[in-house]
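# Results of the structural survey
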Amino acid sequence: MKIRTIIKPFALSALIISALISCTDLEIEETDSIISKDTGDFTFSPLADPASSLSDLYNKIGGDFQGQDNIYALNEVTTDELLVPTRGTDWGDNGVWRQLHTHTWNSAHLFIKNAWNTLNQNIFRASEIIESNPSPAIIAEAKFLRAYNMFFVMDFYGSVPFREVDEGPKVNPRVLTRPEAYAFVLQDLTEALPDLPSTGPDLTKTVKATKEAAQFLMAKLYLNASVYSSSGEFDSADMDKVIAAVDAITASGFAIESEKSYFEIFEPTEDTETIFFLRSEVAPRIWNTLHYNQNAPDNTGGGWNGFSTLAEFYDKFEGDPNTNYEGDGQEERRGIVWDNTNANDLNLGIGYGFLIGQQYDSDGSMLKNRQGGPLSFTKEIPSLVGNTEVQGIRLIKYHPYDPIPDTGDDTSPFIESFRRHQVFFRYADAYLMKAEAMFRKGQTAEALTMVNTLRSSRDNTPALTSLDESSLLDERARELFIETWRRNDLVRFNQFTSPWALKEVSGDPNVNLFPIPETALLSNPNLVQNPGY
Amino acid sequence: MRISVFLTVFKTISISLLKRCSYPCLFNYLYKFDNQETLLEKPIIQLKFKLMKHVILKSMLFFASLLLAGMAQAQTVSGTVSEPNGPLPGANVLVKGTTNGTTTDFDGNYTLNNVPSDATLVFSYVGFSQQEVAVNGRSTISVTLEEDAAALEEVVVIGYGSTTVKDATGSVASVTSEDFQKGVISSPEQLIQGKTAGVQIASGSGEPGSGIAIRIRGTSSVRSNNNPLFVVDGVPLPSGDTSAEGSDIGVGSSAARNPLSFLNPNDIENISILKDASSTAIYGSRGANGVVIITTKSGRGGASGGTFEVSSEVSVANPANEYDLLNRQQFLSTVAAFGGTARDLGNDTDWQSLVTRNTISTNTNFAYSQNYGSGNVRATFNYGNQEGVVNKSSQERIVGRLNASQRLFDDKLLLTLQSTLSRVNDEAPPLSGSAGSTGDLLGAAYSAKPTWPADPTFNPGDRINPLNLIQNFQSLAQTDRFLLNLSGSYDITDNILAKATFGYDVANSARNASLNANSFNVSRGAAGNGRGALNEVDNDNRLLELTLNYKKDFGNSKFDGLIGFSYQQFQASGRNIEGFGYQTTDLDLMADDLNNAVGRLESLINGGYQQYGYSAGTGLFVNRLFPEPSNESLGEVSNLPLRSVFANTFDNTDELQSYFARVNYTIADKYLFTATVRADGSSKFGGNNQYGIFPSAAFAWKINNEAFAGDTFSTLKLRLSYGITGNQDGLGYGQFVRRQRYSDGSINDDGAINIPGITTVAFANPDLKWEETTQYAAGLDFGFDNDRFSGSFDVYRKETRDLLLNIEAAQPSPQPFFFQNLDAVVLNTGFEVALNYDILQGEDFNWTFGVNLAYNKNEIQDFDGRIAAGTIRGAGLTGAFAQRLQTGQPIYSFYLREFIGFDANGNPTFEGGVDNQKFVGKSALPDFTGGISTSASYKNWSASLYFNGQAGNYIYNNTANAFFTGGAIGSGNNVTTDVIDLAGVEGRFAEASVSTRFLEKGDFLRLQTASLSYNVPIQGVGFFKSMRFNLTGQNLFVLTSYSGLDPEVSVVPGGGDLLNGLPIAGIDYTSFPRPRIYSLGVNLTF
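I will try to describe carefully the structure that is included in this document.

Criteria and cut-off values
- Residues numbered from 1 in each chain as written.
- Chains lettered and ligands numbered in written order.
- Predicted model: local features only at pLDDT ≥ 70, side-chain atom pairs only at ≥ 80, totals over all residues.
- Heavy atoms only, no water.
- Helix = DSSP H or I, 4+ residues; strand = E, 2+ residues; numbered from the N terminus.
- Rg over C-alpha atoms; globule rule 2.2 N^0.38 Å.
- Buried < 20%, exposed > 50% of the residue type's maximum accessible area, 1.4 Å probe, protein only.
- Contact = heavy atoms within 4.5 Å.
- Areas by Shrake-Rupley, 256 points an atom, 1.4 Å probe, with all protein chains shown as cover.
- Pairing = 2+ DSSP bridges.
- Buried area = accessible area lost by both parts, 1.4 Å probe.
- Polar contact = N/O pair within 3.5 Å; in protein donor to acceptor, adjacent residues only side chain to side chain.
- Axes fitted to C-alpha atoms, helices over the stretch in contact; angles between N-to-C directions.
- Patch = residues over 30% accessible without salt bridge, like charges linked within 9 Å, V, L, I, M, F, W, Y side chains within 5 Å.
- Salt bridge = Lys/Arg side-chain N within 4 Å of Asp/Glu carboxyl O.
- Expected span 1.5 Å × (residues − 1).
- Phe/Tyr/Trp six-rings, centres within 6.5 Å; stacked < 30°, edge-to-face > 60°.
- Lys NZ or Arg CZ within 6 Å of the ring centre and 35° of its normal.
- Lys, Arg positive; Asp, Glu negative; His and termini not counted.

### Quick word on the overall build of chain B
- When you go through chain B residue by residue, the secondary structure sums to twelve helices and 55 strands.
- For a compact globule of 1086 residues, the expected C-alpha radius of gyration is about 31 Å, and chain B comes in at 31 Å, within 12% of that figure.
- Overall, chain B is about 105 × 70 × 60 Å in size when its C-alpha atoms are taken along their principal axes.
- Residues counted as buried form 61% of the 1086 residues belonging to chain B.
- A separation threshold of at least 6 residues defines the contact pool for chain B, and within that pool the share at least 24 residues apart is 71%.
- On chain B, roughly 39400 Å² of surface is accessible, and the fraction owed to carbon and sulfur atoms is 53%.

As structure tokens, then:
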């Protein structure tokens, strides 16, 4: 009786309530994003607008490569071209910079991790575009971008993880060995080539993937094939392919710039050398090296006083070993430091190339450092930590001076510290790759002629009398410094493990590969750590 | 065993119910009405009554049949129920052992029919001792109930009901308005700070309206949201922010404002804190971090003629502490002592004092309450204006509230309305938890050279001039919120109560920030161009809840059962807009210009869109997702007041649907059993795990009611509980499914915009589920001498599994991070002690003393990963971090270089090399937290003191790391006087890596509140019914060894600036100085 009196009203009321209320299916609706409804087992539904996703991928890659950290730092700060000494408390940054310079990085290094994540993410996004049945032209561009990113994963880490677009988060991506990755990149480029547009120098076209950009990257692949196959031997057939790829680029109209000066190539105007560029900011390349008191009207805060080069790297260039003012006998590519005779409002007092010694303001006055002493960059850097503000030669290729007036009503149309015109592939590099391929084939005389042809296009750069591995590598350094290829070159020339100033580790071939980041090892058991880490 | 059978049955029933979804159902109709319609549109009202009618009709029949039984030998009894001061409306009169009862009317009168002549009547009222009177054939019985002080404070609000402390089986703490913290209170959590054992409440800074972190029984989640679920008058609030985070317009991002600021602390009657799983499991997938239930005041206690209450308070505040920075002379000599030469511009400027201030704040409340027997009403209005001790910081709050209840149909139907309408205006200074190398306003003020002129147009070159920044920056946020709660409860029989609740919560917030072209040395191209942001968030949440309660007293045992259904919908929409390149430097005009430009551009766009942007050269572009993705280019727009505008929108709706039940069974008032279960379905989870079942069970034994217990104890109760609760806070929208939208995009530093394309923003993860916490708890309540000395002791163990975290994806993957359930355990174990002693109990003199203490130990177990956390900011500290998440360590464990000293060159040296970071055995989590309170009264005077404190935690002094080192002096920055002694020891170009050098103990004891009040003895004389004055001091002193401004800190950067998405604790980077506040208030009733 009693139990019943409990249950009866309860059950009755429960019925009333359940009759009154129905229920919701708890599905989220497409209000601000396109939702793939396949929430059960993972299947890939094509991207909603592959063309739009492709343009987003260009934006993202531009952003990923523009920073001074991650990919750029792994390519340059690990070499003799650049180091970022700790100046007072500045640039300590938890040791990331000095670990790169001293080759003492480990699998927890922030940039090694970030570069891995970024490059692989770009690979996946490219795969999504390729698998969404877009036009052949879009597939070709996406394949080029995938190849470009995978090239660096292969180059940095050896192994390359790969996830098919229909593999969900539960799938541990399979891992391509370095030779497999090499073949994959080559296949992407080969398949992309027929559907990519061909162009000569044309800023409206070289801002995207072209046949010439693909050929450039193929030349890089073939030239480094001995590294990726671990054979150590440069295969003559590969070298022929390098030459063929570069010849194809030349045939479409690219040439060593003969009209413009060397540093004008990096301005956002037409030149005959830019094969591939992106609209990503050049500001880090300008400001990471300049002192706080070197500034521009659109960047009154000045530089960040970080990146410097080694004295021994500076000494690879012709000219007075201690100053770099006008008339110091320097070759064109070493640049110039303005002084009270030629600093002006247009050049802002900011020089080009290698900045050493006393620096001047746009009005010709001598700049001071923050302690009130002279802002005079020294050649030597005694230590990785405890440096003053002025130690180390600075080097810049991009300059805030911009010859194209802004379309907006900017009050200072010739100053563009934050303009977006970053050169990724340059013809001079291709040209030197061809020279190197000939050199590797034993055609040393022809290679020397090519090198000297390039040198003759740069002012005040006398011809070399002979060519060997060392001088070829140095020539690439003088022509292509801080253009993201130094590490690649050093590894290919077997010089990445050589000693240089303030570097602790030398002779350990394991450093030729970066470690697989520890977070990647934990998230994908198929990955195996590289030897030595 | 029985529980598991019950669970299985419940699960089967609930799942089958859920799968049987029929459309269009009443429910959906109810909630699918257009957003634009106001709440009080017809459908809701009509449906409400329709629904009630349905319930009423069916139940009437049932009720009538029950009544037929006891009609014999009946008579009518009437009378008056009084309390010592007069008649008592609303008192219960019941024929003992039956369901026959009534309540007294407005004059305390009652009439009860069908009373057997030999029956006994039971008179009761909350807060008064129950009386039983034998009828003995009388037809008139009047009684006077005596106040029961003990009973009055014993009622505790629990989920979907209330109980008393003596009958509670779970661990529930309740703080009533008399015990609230006094003084300037900007949000309700502050009312209970230090009041309850095991509840740690820390405001991150002294900024008005800043967010507050609440941890109940430790930190169980590794994600950034560990706050408990807040339930206001039965409406569970959404966990998200109601205001937008501040975009980085040149000085770093900033966190959202405290979403609870909209409640007027003066409106709050009671705050209940549910700590153990048996109490919180009724809230299922949101209960794991505990539940805070806020009950607002009603007009129940109001006088029949109505009572007006006015209280007003004026407060003065000043920074409680400031850094001892070098003046000009000290600066010059210190630079020299370090071997440098300072550039002396001849000034002696105290920058710190130029950006901080002493303030006056006011707060005024008007309240009217009336109780007219069948109902009551309370209406309040609050205006408060609190100024922050840093310039350009303030919070203005305007809140209106109307609470009303009405009994109908022989008092069987109770309709209740609780509503509040508020506007909160926040003004924020340029402070950021993620400021770049030049620091934010405070960092700039600490490091600015004293030799600079106090002139906002002075450009120091590479650094920020604090006066320049504050003059050229403005951030104003306005948040309007309306929270409405309508409920109807109906006594179907005397044993059965049905209740329906409709909740509606809408909050609209807009933050407009501008940094003009006159600023210098800030980031994002703001200098010379001007940059601004408009961030809007609109929240729209609806709730429907239906419960059915059955209570039955079987003489020797009592049964109390509850079943319920709940549906809640959360919509968050809004837009984030950036502007760049302003023609004006007037900060108000900049905001207007951005609004106008947005209006212009939007008028040119037809149809919906996800985003649009305009920049000179590119023109206006529009990105649409629906009906098909498309990019439209609309060309140049002439005469816009800005060079570039970029707008991105979002619109997300989540749903939660739940079924729940609770059974309380009490035997002989000695053995109490509680079992609860909730089935929660959430649209945040994938198809495989949409529904979760959260059970709990508890047992309590009132030992003092046992014969063998004797009279030693007035209270002795053992409590045991077990339960599983979930957590889904901090998990964003649609993280289990692959979604595509346009990339976020922004205006570049040169004013140009890279037009975003569509990208995959979330990766499918159908297995995603809530995070689950299993808690085992035991407690002992005891009291001696009629509870004059009382206390409780609790122990618990919480195991949190399936940790939800945005972790690094196995690459290649569309996003660098995606949400997963981590295979790891966070273990929290601890104990809590609370003691209260009424030292003196007298006619005129009373003195009570209370102390609470909690110990918690936290550890991560079975975790394979190692995740860096705790970003350190400052020049030369990019990428630096101080904490790491790893198995075997507590959350927020410091992972640092071990500092040894300085080498001959004055560079710091560390154990094991320059970059050897390791665990140093210290964590930001305190071992002990506690509070001490004492209050005394003598006649009309009363005074109270509240101390709170913690011990065992460490603080990373990021401010000192970034600004107060030899290297900082070398860079020409100002430092504190502590640095003077480092001359000759630390080099002037020394680096300052993150190390134990800057790790300090965070132990403290704070005199949080001291108050003195005086009741003017005017009772019954003149116009006023009562008049009270009080004087309160807050944050009067802090005992600590910490060298920073205040040991109770946590920097709160915007969510996007958290390293690896992990929250930050125990890191002090230029925190907003905590004020010391003195308030004088008056409270009048008439």
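### Considerations on the pairing of strand 36 (residues 771-784) of chain B
All names here are of chain B.
- Summarising the sheet, strand 33 (residues 713-727) and strand 36 pair through 14 bridges and their orientation is antiparallel. Among the inter-strand pairings, Thr-715 is bridged to a residue of strand 36, identified as Gly-783.
- In terms of strand pairing, strand 36 meets strand 37 (residues 789-801) through 13 bridges, oriented antiparallel. What sits directly across from Gln-775, in strand 37, is Lys-798.
- Hairpin connection from strand 36 to strand 37: four residues lie between these consecutive antiparallel strands, with Asp-785 at a positive phi of about 55 degrees.

### What to know about the interface of chain A and chain B
- If you look at the interface, chain A gives 97 residues, while chain B gives 127 residues.
- Summing both sides of the interface, chain A and chain B together bury roughly 9300 Å²; the carbon and sulfur share of this comes to 55%.
- Here chain A and chain B share 45 residue pairs in polar contact (both at pLDDT 80 or more) between them.
- The greatest single-element share of the side of chain A that touches chain B, amounting to eleven residues, is contributed by helix 1 (residues 2-20) of chain A.
- Sheet analysis places strand 1 (residues 34-35) of chain A next to strand 34 (residues 739-742) of chain B, joined by two bridges and oriented antiparallel. Within strand 34 of chain B, the position partnered with Ile34(A) by the bridge is Gln740(B).

### Section: the sheet that holds strand 43 (residues 881-886) of chain B
Residues and elements named next belong to chain B.
- One open sheet accounts for four strands, arranged 42-43-44-47; its pairing is antiparallel. Each edge of the sheet is formed by a strand with only one pairing partner; in this case those strands are strand 42 (866-871) and strand 47 (917-923). Looking at each pair of strands side by side, their axes are set apart by 40 degrees on average, direction ignored.

### Digging into unusual backbone geometry
Residue and element names in this part refer to chain B.
- Here the bond from Phe-626 into Pro-627 is cis, since omega is 0 degrees, no more than 30 degrees from zero.
- Position of Pro-627 among the secondary structure elements: in the loop between strand 28 (619-624) and strand 29 (630-635).
- For the peptide bond that leads from Gln-811 to Pro-812, omega is 0 degrees, which places it in the cis range.
- For Pro-812, the position within the fold is in the loop between strand 38 (803-808) and strand 39 (817-822).
- One non-glycine residue, Asp-233, lies in the positive phi region at around 50 degrees.
- The residue Asp-233 is located in the loop between strand 14 (229-232) and strand 15 (235-236) in this model.
- Look at Asp-233 and you get buried, because its relative accessible area is 13%.
- We note that Asp-862 has phi near 55 degrees; this positive angle belongs to a residue other than glycine.
- In this fold, Asp-862 is placed in the loop between strand 41 (845-861) and strand 42.
- Given the relative accessible area of 56%, Asp-862 is considered exposed.

### Here's the deal with a nonpolar patch on the surface
Residues and elements named next belong to chain B.
- Together, Val-314, Val-316, Ile-360, Leu-840, Phe-845, Trp-847, Tyr-938, Trp-941, Leu-1012, Leu-1031, Tyr-1078 and Leu-1080 line one region of the surface with nonpolar side chains, adding up to about 1100 Å² of accessible area.
- Those elements that place two or more of their residues in the nonpolar patch are strand 18 (307-319), strand 41 and strand 55 (1075-1085).
- With respect to the element layout, Trp-941 can be found in strand 49 (residues 941-951).

### Focus: the pattern of salt bridges
- Following the criterion strictly, the structure yields 73 salt bridges over all chains and no others.
- Linking Lys143(A) and Glu191(A) is a salt bridge whose minimum nitrogen-to-oxygen distance equals 2.3 Å. Placement of the pair is Lys143(A) in helix 6 (residues 136-157) and Glu191(A) in helix 7 (residues 178-192), with a sequence separation of 48 residues.
- The class for Glu191(A) is partly exposed, based on a relative accessible area of 34%.
- Glu799(B) is the partner of Arg797(B) in a salt bridge, and the nearest nitrogen-oxygen pair spans 2.7 Å.
- Accessibility expressed as a relative area gives 11% for Glu799(B), which makes it buried.
- Linked by salt bridges that have partners in common, Glu273(A), Glu331(A), Arg333(A), Lys397(A), Arg426(A), Arg455(A), Arg458(A), Glu475(A), Arg478(A), Glu479(A) and Glu483(A) make up one network.

### Some remarks on helix 6 of chain A
Residues and elements named next belong to chain A.
- Under the 1.5 Å per step criterion, the end-to-end length of helix 6 is 31 Å for 22 residues, consistent within 8% with the ideal 32 Å.
- With 19 of 22 residues buried, helix 6 lies mostly within the body of the structure.
- Gly-158 sits one or two residues past helix 6 and shows a positive phi near 80 degrees.

### Description of the environment of Asn133(A)
- The topology assignment puts Asn133(A) in the loop between helix 5 (110-130) and helix 6.
- A sequence separation of 78 residues divides Asn133(A) from Ser55(A), and the C-alpha atoms of the two residues are 16 Å apart.

### Focus: the packing of aromatic side chains
- Enumeration over the complete set of coordinates arrives at 88 aromatic pairs over all chains.
- With a centroid separation of 6.2 Å and 80 degrees between ring planes, the pair formed by Phe144(A) and Phe425(A) is classed as edge-to-face. Remark: Phe425(A) occurs in strand 10 (residues 420-426) and Phe144(A) occurs in helix 6; sequence separation between them is 281 residues. Phe425(A) carries the same exposure label as Phe144(A), and that label is buried.
- Measuring from ring centre to ring centre gives 6.0 Å for Phe963(B) and Tyr1069(B), while their planes differ by 0 degrees; the resulting arrangement is stacked. Taken together, the positions of Phe963(B) in helix 11 (residues 958-963) and Tyr1069(B) in the loop between strand 54 (1067-1068) and strand 55 put the pair 106 residues apart, joining distant regions of the chain.
- By relative accessible area, which is 2% here, Tyr1069(B) ends up buried.
- When the ring centre of Trp485(A) is taken as reference, the NZ or CZ atom of Lys220(A) above it lies at 4.0 Å.
- In this arrangement the basic side chain of Lys397(A) is found over the ring face of Phe481(A), its NZ or CZ atom lying 4.0 Å from the centre.

### Points about the side chain of Glu267(A)
Residue and element names in this part refer to chain A.
- As for its position among the elements, Glu-267 is in the loop between helix 10 (236-251) and strand 4 (274-281).
- Of the side chains with opposite charge, Lys-260 comes closest to the buried, unpaired Glu-267, at an N-O distance of 5.6 Å.
- With sequence-adjacent residues up to four places away left out, Glu-267 is seen in contact with Tyr-352, Tyr-401, Pro-403, Arg-419 and His-421.

### Some words on the sheet that holds strand 35 (residues 758-762) of chain B
- The strand order across the open sheet formed by three strands is 1(A)-34(B)-35(B), and the pairing between neighbours is antiparallel. Of all strands in the sheet, those bounded by a partner on one side alone are strand 1 of chain A together with strand 35 of chain B.

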